[in-house]
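Observations on the model geometry
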Amino acid sequence: MAKLLLLHAPQVVFTTSRSLVSATTAIYRRPLLVNSNFTSSPSDSHSSSSHIVPRLRSRRFSARAFDDSPASSAEMEKDQQQQEQPRDGAEDYPTGEMVYEDRNAWESFVVKFRMLFAYPWQRVRKGSVLTMTLRGQISDQLKSRFTSGLSLPQISENLVKAAYDPRIAGVYLHIEPLSCGWGKVEEIRRHILDFKKSGKFIVGYINICGLKEYYLGCACSELYAPPSAYSFLYGLTVQASFLGGVFEKVGIEPQVQRIGKYKSAGDQLARKSISEENYEMLSVLLDNIYANWLDGVSDSTGKKREDVESFINQGVYEIEKLKEEGLIKDIRYDDEVISMLKERLGVEKDKKLPTVDYKKYSGVKKSTLGLSGGRDQIAIIRAGGSISRVKGPLSTPGSSIVAEQLIEKIRSVRENKKYKAAVIRIDSPGGDALASDLMWREIKLLAETKPVIASMSDVAASGGYYMAMAANTIVAENLTLTGSIGVVTARFTLAKLYEKIGFNKETISRGKYAELLGAEERPFKPEEAELFGKSAQHAYQLFRNKAALSRSMPVDKMEEVAQGRVWTGKDAHSRGLVDALGGLSRAIAIAKQKANIPLDKKVTLIEISRPSTSLPDILSGIGSSVIGVDRTLKGLLDELTVSEGVQARMDGIMFQQLGRDSLATPIIDLLKDYLSSLR
């Protein structure tokens, strides 16, 4: 069974001390959006071309469609009328949908000629099968040849190249347990469906059948599994943990100011059980994710939605049942699938199946395949990870958004007239609020000189949305987590804990409010509590009002969708927080439209955030692949370090598979929640 695990809430940390216990936590909850589709790669001097023939389409959704509250027939009729009529100021945006085009004789000749002179490491045997294994985390950042791990831009580009490469006969896709969000899953699925338009086969193979894994697998031409495969198609769960009882037992008293009734971070620290508002919010998120999964599986398998849901509710664990229901093609071992492919391609039984793996094929240049772009250039600026103002001493490349570095890239795009438009690709739960505001300002200035489109991956929450709302247009995936416009401030009083362990602390200060953030050995004085609450309210109003201004929305209307609530991209679109639903290819198509570039004209995509090839970064990547502990170490350091200033961060909402993650002790999850809440 899959679960939606709520680890922690978006946070804003007001602190002048490096001590964890004296940190004041205030959480900004901002809309998170996600989108994906076509991506570029670091090959061809970090540029690529857009080969999307966009179609025009406008999608609108009724707000009532995602509301739990009962509605009268009049209200439903009104919502239906609103759905049929465009919102004020709504635009028709191109879809960016890929349309596969066969090459003419001359184009085919040029491609074959270029292949003759390709470098040895870029040569591929004719009739080869592209093999890829999807597992674990998938980064939204570009990867260099020296770094390990999977890159969404390179996965996407490999599928685009393979569709047009005459040397590639098809794709053999191994799907292992995934740890990425639903936004990236939706992006990869879209590219699988686009690849099938070429007429080539894409065969999926799955050992552990969870919801995400099957969602990708069922999009393939054929899907196989071994007889011993695990099936965890049981449904989705969401879990929220609360530390109120733990703090009470150890003598810690959280003093929480929550601005926004859906701000669950305050609940996590102070409550012992879930609030009605949090329950409502998580239930709607869960409904949207589950409904999207059912619809996608129904479309791919040709089965009725209710039949798919009925199958899930049977609690099926035998892989044979999936075959009987037509949810997989057949039950075969990996070697049997390879033998089948050899027979299909006319390869003799005693010969090896000609293959090219993901890593090698990532080095094949798009220009070799005749996929070069046109003269017009669009800049792609990637921003992924937690937001900080300056680079930390142990920061690893691509693991975070460093404001001073990203600002430099944004300015370079603004000052360079060769870029007709820019796409900001965001995959961030937020972070430092000051850094977010500084980047918002630079993106705003960029948008005054050329069209800027925000394209969102798994999350663009809190500080991530703060950045996005400076763009001219925001594009999100259906299941991007968004919203979280709210503030929670919290300070921990440790008087009872100190008394239990026999510890004493005396503070000498000057200034009426000098001890506001540092004297954790006592509760707030009345005047301190009043100031604490006013500062939180002020921070919330600034954040909400700037969001309203950026989205051209009245403040009272923005207040309705703020309140710390997290939305899916689909719900955010119906409420005016997002302009369009789709992936990176749609964002690129909209950028072309805004820049007055004909939609059927090719453009060159220039990756501004190139992977580093410096010696320290290379060694860091090697260390990551050999030791595999750098992410864990960095995570621990992040948890144990309190950044100075305000943090604009959203809840850490993760989708996990209970069938393979349930061995993790709940205590570990609780500690992760606790440490995260202190950030």
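Labelled according to an unreviewed UniProt entry, the protein appears under the name Serine protease SPPA, chloroplastic, originating from Raphanus sativus. Quoted straight from UniProt, the Subcellular location (unreviewed entry) entry for the protein says "Membrane".

This part covers a nonpolar patch on the surface. A contiguous nonpolar patch, built from Trp-106, Phe-109, Phe-113, Leu-116 and Phe-117 and spanning about 670 Å² of accessible area, is present on the exposed surface. With respect to the helices and strands, the residue Leu-116 is situated in helix H3 (residues 105–116).

For the structure shown, the criterion picks out 28 salt bridges. Salt-bridge contacts for Lys-505 lead to Glu-520; the nearest nitrogen and oxygen are separated by 2.7 Å. Taken together, the residues span a long stretch of sequence, with Lys-505 in the loop between helix H17 (495–501) and helix H18 (526–550) and Glu-520 in the loop between H17 and H18 at a distance of 15 residues. By relative accessible area, which is 31% here, Lys-505 ends up partly exposed. The network of salt bridges with common partners includes Asp-140, Glu-187, Arg-382, Arg-425 and Glu-607.

Our next topic: the packing of helix H5 (residues 182–196) against helix H9 (residues 276–301). For the pair H5 and H9, interaxial distance at closest approach is 13 Å and the crossing angle is 15 degrees. Here H5 lies roughly parallel to H9, going by the angle between them. Once H5 is placed against H9, the crossing between them reads as left-handed. Here H5 contributes Trp-182, Glu-186 and Arg-189 to the contact with H9, which in turn contributes Ile-289, Asn-292, Trp-293, Gly-296 and Ser-300. Residue classes in the contact of H5 with H9 are distributed as 3 nonpolar, 3 polar and 2 charged.

With that settled, consider the pairing of strand S7 (residues 128–136). Here S7 runs beside strand S10 (residues 168–178); their pairing, made up of 8 bridges, is parallel. Within S10, the position partnered with Ser-128 by the bridge is Ile-168. Relative to strand S18 (residues 355–357), S7 runs parallel, the two sharing 3 bridges. Looking across to S18, one finds that Thr-131 is bridged to Asp-357.

Okay, unusual backbone geometry next. Non-glycine residue Ser-462 carries a positive phi angle of around 50 degrees. In this structure, Ser-462 sits in the loop between strand S24 (452–460) and helix H16 (463–468). Overall, Ser-462 belongs to the buried group, its relative accessible area being 0%. With a phi close to 60 degrees, Asn-596 is a non-glycine residue in the positive phi region. Among the secondary structure elements, Asn-596 is positioned in the loop between helix H21 (584–594) and strand S30 (604–607).

What follows is about H5. End to end, H5 covers 21 Å across 15 residues, agreeing with the expected 21 Å (1.5 Å per residue, within 8%). Judged by how many residues are buried, H5 sits mostly within the fold: 13 of 15 residues are covered.

About the criteria used
- Residues numbered from 1 in each chain as written.
- Predicted model: local features only at pLDDT ≥ 70, side-chain atom pairs only at ≥ 80, totals over all residues.
- Heavy atoms only, no water.
- UniProt positions renumbered as here; feature names shortened; annotations may be inferred.
- Patch = residues over 30% accessible without salt bridge, like charges linked within 9 Å, V, L, I, M, F, W, Y side chains within 5 Å.
- Areas by Shrake-Rupley, 256 points an atom, 1.4 Å probe, with all protein chains shown as cover.
- Salt bridge = Lys/Arg side-chain N within 4 Å of Asp/Glu carboxyl O.
- Helix = DSSP H or I, 4+ residues; strand = E, 2+ residues; numbered from the N terminus.
- Buried < 20%, exposed > 50% of the residue type's maximum accessible area, 1.4 Å probe, protein only.
- Axes fitted to C-alpha atoms, helices over the stretch in contact; angles between N-to-C directions.
- Parallel < 35°, antiparallel > 145°, perpendicular 65-115°, else oblique.
- Left-handed = near helix turned anticlockwise from the far one by under 90°.
- Contact = heavy atoms within 4.5 Å.
- Nonpolar A, V, L, I, M, F, W, Y, C, P; charged D, E, K, R; others polar.
- Pairing = 2+ DSSP bridges.
- Expected span 1.5 Å × (residues − 1).

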